[in-house]
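Reading the structure
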Amino acid sequence: MTIKTEPAARTSVQESTLCIEETTLPYGDAVPGAVLEDSKSGLVVAAEKLTELATYLRDHEGYDYLSMVTSIDWPSYLEVVYYLYGVGQPKPAKVLRVRLPDKANPALPSVVSVWPGADFQEREVYDMMGIRFEGHPNLRRILLWEGFEGHPLRKDYRESYFEEDAKPYKSRHPDGAHLWAEDRVPWKDNVSYPVGWDPDLWTQPEVQYRRIMGVDDQVDSGNGSKFGTERVLINMGPQHPSTHGVFRMVAAVDGESVVGLEPEMGYLHRCHEKIGERNTYIMNIPYTDRLDYITSMSNNLGYVLAVEKLMGLQVPERAEYVRVIMAEFTRIVSHFIAIGFLFNDLGAYFTPALYGLRERELILDLFEAASGSRMMCNYMRFGGVSADLPEGWIERAKELVTNRLPRVMEEFENLLTGNEIFLMRTRGIGVLTAKESTAYSMAGPMLRASGVVYDVRRAEPYSIYSRFDFDVITQPEGDVWARFIVRMREIYESLRILRQALDGIPEGPIMPPGKKQYQVRVPPGEAYSRIEGPKGELGFYVVSDGKPNPYRYHVRAPTFINLTSLAKMCVGHKIADSVVILGAIDIVLGEVDR
Amino acid sequence: MFGSGALKGLRVTLREFVSTYVDDIKRIPSRYAGGREEIDQSSAGEQHGLFTIQYPEEHRKLPERFRYIPILIYDAETGEDRCTACGICAKVCPPQCIWIVRAKDESGKPVTRPAEFCIDTTICMNCGLCAEFCPFDAIKMDHNFEIATYDRMPQLLFDLKALRVPTTHYAQIRPGDWAAEQAARAAKEAEKAARDAERAAKASQQSSA
């Protein structure tokens, strides 16, 4: 709403606006002056009152789960957007928006003290948009390196090999004489550095890991404590088989115990979101395949749901079924890999991983037959799917779901679940309580293994999940073993959904009527759609201004946010256990680094 | 019992080892009997052991929809390109790897034919959107994935010469799509013929009246 000021009462404008706010704006009584405007797309909050309102919402309104933090570069201000949900009691999203008109030096208070899960997300916003979060415990770049110049998601930022603001580029047709990218840009790679700064002379600041090395704690208290053992800094990764890709854990160890840990990422960063803003809407679908490259079907689904929300498209019945079938097969694939490689990290070299991969191959055969590619499926489209299932596909899938996979799962259970070495290595390792995992914005199997009954398919059903009969698997322990068990049981639940979907799939069209469009019209607005991806809550946030390209495109990557609690889980355990804890998060670097 | 997990594991490994051979004995003729070429894995559901494919001696049978680098189709009989250089593929291409120069006649007027058509395969992400949205069925996705070369430039820049394939090749790699396309074309022609006949009949009626 807008606040009207009467010309007659100009002297008491300040008082009267305050008065109106308190009586009509939400939470005016509890936190006066916090909410400035109650717009359709969320509450506009005063920056200085943000933490106060956040604490109130968490403690009194049940918004205990900070799902997403992101930022938008509007022409006249920068906006930070918070999406809150309730995990204890599922409720619709509460959206908080903080507007920062000072683009040169934007700052707002950090909410890490309220929701620790904001940690990495705020660092990402700082890195990508240059917004400072006052009071953040460790505000430094997260995906880019310390010497990087500029903030890529600002609208005025131009990346290397910049060509045009939006695709399709004019140079390709009708006079598209080919040029290599290197020749196209007159200044070659146009990478810029801060003034007076030489990349060759730059060294990593010595104090970067001061926090985990406890440099500031080691004051001489006079009782001989400074004669303790020395902490050693260990770099695991980025080239290390246990980190599942190019991920680096900087661990401070005292003997063999981890006393501090900091994850370093971004080695695979390609600024997916900036690419997404240059792309047209449909071009983004194949790019989402490359996020979590093991679960491309789920990524497709999350993205098309967000755009469909904006477009208001109705998806045909058969396409909905096909989507659910693909998404559940993807979950099985992902969990097989997670389980297999968890054992790899434990030292059961490749045997369980290969058995898992073998079953995955059969499912990938199905994906390939339907979409044309095993991993980069690019299968979903706005309003449906790209192609109907080929002949005999459903029979093959049924054979897999009813015969082979249950048999293999039995074998898996028999081989893995009761193994005493496995139990000894995983029980009580990396424990997160229900409260902690909610506060850390953990998602998916990580959250449910801490005893939190929360599944987006149940809490906020998307597609046609409300029709299927399945259980939300939880385990109260919150350790690595519980995460393994949750994943195992979720495979059974996925098989249950698949059986229902494969039996119930109707005949019919797979796309809404009308000609296939390569240039879709998306009305202005914003949409945040989240799905229960295999690795957790996968969210896509799309802001449209009516142009062929999204104005803002953000991915809530579950594994990236799940890493927030890595340090918390590892501290106190042995260095070998930190490998297992990381394995149980099941990260995929394509998604973490984006 | 302590150690039972290890024994169980060994048993499973042994069973996998043996069943790999059993699987092959069941298959008549054996996979290794003669020409080790194309292996169809779509029925691997009944297999118990490993199903490794000895690439490059063996190949996996690719499903019809398999997609790799785009190809441009020309009519095998007339030699005419299907492509009209309309540029939709270049506009929909996510990494923008398609470059088209439209042909011009002597007077400089553009004609519906590509003079140059380049696909930078170092950039192509094999998404298949170009083939999906081509209104003339001119661009399709090929099955050949063995395009490795020693140099990026210029071997991996596919020009018109490298991209053009006859309709027979298309019919061979995608028999289902080809049949559907032929059927659609036949239906369209029949419809057109019927309409022409109707029009002719009407015209003759009018002239007689």
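So, a few notes on the structure that sits alongside this text. Here the structure is a predicted model, which means the values were calculated and not measured.

On to the sheet that holds strand S4 (residues 98-104) of chain B. Residues and elements named next belong to chain B. The antiparallel open sheet is built from three strands, whose spatial order is S4-S5-S7. Only two strands of the sheet have a single neighbouring strand rather than two, namely S4 and strand S7 (157-158). Looking at chain direction, strand S5 (residues 110-120) and S7 are connected through two bridges and run antiparallel. Of the residues in S7, the one forming a bridge with Asp 120 is Leu 157.

On to the packing of helix H11 (residues 393-417) of chain A against helix H1 (residues 4-26) of chain B. The N-to-C vectors of H11(A) and H1(B) enclose an angle of 145°; their axes lie 8 Å apart at closest approach. Here Glu411(A), Asn414(A) and Leu415(A) of H11(A) lie close against H1(B), whose contacting residues are Lys8(B), Gly9(B) and Val12(B). Grouping the amino acids of the contact of H11(A) with H1(B) by side-chain chemistry returns two nonpolar, two polar and two charged.

All names here are of chain A. At a minimum axis separation of 9 Å, helix H9 (residues 317-346) and helix H16 (residues 480-504) run at an interaxial angle of 155°. Taken together, the axes of H9 and H16 lie roughly antiparallel to each other. The interaxial crossing formed by H9 with H16 has left-handed handedness. Packed against H9, whose contacting residues are Tyr 321, Val 324, Ile 325, Glu 328, Phe 329, Arg 331, Ile 332, His 335, Ala 338, Ile 339 and Leu 342, the element H16 presents Phe 484, Arg 487, Met 488, Glu 490, Ile 491, Ser 494, Ile 497, Leu 498, Ala 501, Leu 502 and Gly 504 at the interface. When its residues are assigned to classes, the contact of H9 with H16 shows 15 nonpolar, three polar and four charged.

Backbone hydrogen bonds are what pair the strands of a sheet, in a parallel or an antiparallel way. All names here are of chain A. Within the open sheet, the three strands sit side by side as S8-S11-S12. Their pairing is antiparallel. Each of the sheet's edge strands pairs with one partner strand only, and the pair in question is strand S8 (232-236) and strand S12 (257-264). Here the average twist between neighbouring strands, direction ignored, is 25°. When strand S11 (residues 248-254) meets S12, the two strands line up antiparallel, connected through seven bridges. Bridge pairing in S12 places Arg 248 opposite Glu 264. Set on the sheet, helix H19 (residues 575-585) makes contact with S8, S11 and S12; between it and S11 the angle comes to about 150°.

Below, the discussion takes up unusual backbone geometry. Looking along the chain, the bond that leaves Lys167(A) and enters Pro168(A) is cis, with omega of -5°. Of note, Pro168(A) is situated in the loop between strand S7 (132-134) and helix H4 (181-184). Of note, the amide linkage connecting His173(A) to Pro174(A) takes the cis form, showing an omega dihedral of 0°. Among the secondary structure elements, Pro174(A) is positioned in the loop between S7 and H4. Positive phi, close to 50°, is recorded for Ser463(A), a residue that is not glycine. Note that Ser463(A) resides in the loop between helix H15 (456-459) and H16. One non-glycine residue, Asp137(B), lies in positive phi territory at about 55°. Examined against the element boundaries, Asp137(B) turns out to sit in the loop between helix H3 (129-133) and strand S6 (139-141).

Reading the values: rules and limits
- Residues numbered from 1 in each chain as written.
- Chains lettered and ligands numbered in written order.
- Predicted model: local features only at pLDDT ≥ 70, side-chain atom pairs only at ≥ 80, totals over all residues.
- Pairing = 2+ DSSP bridges.
- Helix = DSSP H or I, 4+ residues; strand = E, 2+ residues; numbered from the N terminus.
- Axes fitted to C-alpha atoms, helices over the stretch in contact; angles between N-to-C directions.
- Contact = placed C-beta atoms within 7 Å.
- Nonpolar A, V, L, I, M, F, W, Y, C, P; charged D, E, K, R; others polar.
- Parallel < 35°, antiparallel > 145°, perpendicular 65-115°, else oblique.
- Left-handed = near helix turned anticlockwise from the far one by under 90°.

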